[in-house]
Amino acid sequence: MHVCNRCGKENQEHYKFCLGCGAEIGDAAPPPPARPAAIPVAAAFDSRGLDAGWDAPVERAPAVVEEDVGATMMNPAAQVHDTDPGRVEMPPRQAAADGAHPAAALFASSPAPAAQPAGRPCPACGNFVPTGFIFCGQCGTRVAEPARAAAASQPQPAPRGKLVLIRPDGSEGGAHPLVAGPNMIGRGQGLLFDADSYLSPRHADLILSASGLMVRDADSLNGVFVKITDEEEIAEAEVFRIGQELLRFDVIRAPAALEDGTEVMGSPNPGYWGRVALIVGREQDGSAFPLIGDSMVLGRERGDILFPEDGYVSGTHARLSNRNGRFFLADLNSSNGTFLRIRGERAVRSGTFLLMGQQLFRVQFA
């Protein structure tokens, strides 16, 4: 055995490089050629068959010397005597061990080959490298780690949460399981989503991890909305929903003159700082309502902007405010809530309500 001077690992004498660290060991003598093991010759049947008496005397075949082993193996069951070419004499039977029938030796299997140790061939020279070694002992090539098991053979992660459907009357419907990692939500991704034509096939990704749940809009057509619980700051072109009304907030700024000094003509502006526009279709707006003063209230019966035909809008539903050029949206304890469209992604807590398509869901997770 050769002991590596660098890492101390023992290597076979014919290895040129250390199996543990890949360091060159030095010239090693090639291993001596292995001598083939002698092949055992099983005892054969008596020429008179199994019905003959096993104690009957038989003539023993001449002993086979080592030089004749190769010729004997061609037909180990018989030896032919020149004195009687027609007579075939069988080799002597071996004594039965422990009372076993002498014929049992005929059915004895050959010794089982030694178990091949786990490993893989070197990609450079083909030398066998046992499992656990990094370098080939013959050429020193670094051996790649064994391929990992296929993902399909790995156990599936257990559900850690769920997406609960909330019916229009407030009761709970079915539930869609959420597992650790990404969860795709969309039409065709589960029984809860298949009947909603306002859901895109790939609508949202819900990524569940130890730190919480991240909701990401997957470039859906109609968006993912989260129910707000506190007043939230909003920006230009933010979209929100109250009842069945889909609204967009736009900032109104003072008109700027063109490069040649010409001013843009428009109606007198008494101090509008924004507007709320109804979204009636893709890139299509309906009515627009200007925003003025410190704040304006939206509702069905009372407030500054009314939606009297929408039974899902509360009497006073939401409020938009302007504070020194910063804009805020707040829910006024409405029955059905105010929902803000997610831009990109947003972290949410367990118990948060999500509006996707025409369905309301509550997320729950550990």
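Scroll up to find the structure this text is about.
Note that the structure is a prediction, hence the values are computed from the model and not measured.

A. How the structure looks around the pattern of salt bridges. Taken as a whole, this structure holds 15 salt bridges when the rule is applied. With its nearest N and O atoms 2.8 Å apart, the salt bridge here joins R323 to E231. On the criterion of sequence distance, the pair formed by R323 in strand β20 (residues 318–323) and E231 in the loop between β12 (224–227) and β13 (232–234) is long-range, its members being 92 residues apart. Between R253 and E236 there is a salt bridge, with its nearest N and O atoms 3.9 Å apart. In this pair, R253 is assigned in the loop between β15 (245–251) and β16 (274–281) and E236 in the loop between β13 and β14 (239–242), connecting sequence segments 17 residues apart. When its relative accessible area of 58% is taken as the criterion, R253 is described as exposed. The class of E236 is partly exposed, set by a relative accessible area of 33%. Three or more residues are tied together by salt bridges with common partners; here these are R248, D250, R275 and D285.

B. A look at the pairing of β12. Taken together, the three bridges between β12 and strand β24 (residues 353–356) define a ladder with antiparallel strand orientation. Considered in β24, the bridge of V224 is made with M356. Bridge analysis of β12 against strand β22 (residues 338–341) gives three bridges, and the strand direction is antiparallel. Residue pairing in the sheet places F225 in a bridge with R341 of β22.

C. The side chain of E232, seen in detail. Tracing the chain through its elements places E232 in strand β13. Given a relative accessible area of 16%, E232 falls into the buried group. Side-chain polar atoms of E232 contact the side chain of R346, separated by 2.6 Å. Sequence-distant contacts of E232, defined by excluding residues within four places in its chain, comprise F327, F328, L329, L340 and R346.

D. Highlighting the sheet that holds strand β11 (residues 212–217). Ordered in space as β9-β10-β11-β23, the four strands form an open sheet in which the pairing is antiparallel. If you trace the sheet from one side to the other, it starts and ends with β9 (181–185) and β23 (345–348), each paired once. Averaged over all adjacent pairs, the angle separating strand axes in this sheet is 25 degrees, with direction ignored. Across five bridges, β9 lies against strand β10 (residues 204–209) in antiparallel orientation. Note that in β10 the partner of P182 across the bridge is I207.

E. Spotlight on the side chain of R362. Structurally, R362 can be placed in strand β25 (residues 359–365). There is a polar contact of 2.5 Å between the side chain of R362 and the side chain of E172. Among the polar contacts listed, one links the side chain of R362 to the side chain of Q364, at a separation of 2.6 Å. For R362, the contacting residues outside a window of four places in its chain are K162, L163, V164, I166, E172, G351, T352 and F353.

F. How the structure looks around the environment of G303. You can see G303 is positioned in the loop between β18 (295–299) and β19 (305–306). Judged by its relative accessible area of 42%, G303 is partly exposed. For the pair G303 and H317, spaced 14 residues apart in sequence, the C-alpha to C-alpha distance is 8.7 Å.

Parameters and conventions
Residues numbered from 1 in each chain as written. Predicted model: local features only at pLDDT ≥ 70, side-chain atom pairs only at ≥ 80, totals over all residues. Heavy atoms only, no water. Salt bridge = Lys/Arg side-chain N within 4 Å of Asp/Glu carboxyl O. Helix = DSSP H or I, 4+ residues; strand = E, 2+ residues; numbered from the N terminus. Buried < 20%, exposed > 50% of the residue type's maximum accessible area, 1.4 Å probe, protein only. Pairing = 2+ DSSP bridges. Polar contact = N/O pair within 3.5 Å; in protein donor to acceptor, adjacent residues only side chain to side chain. Contact = heavy atoms within 4.5 Å. Axes fitted to C-alpha atoms, helices over the stretch in contact; angles between N-to-C directions.

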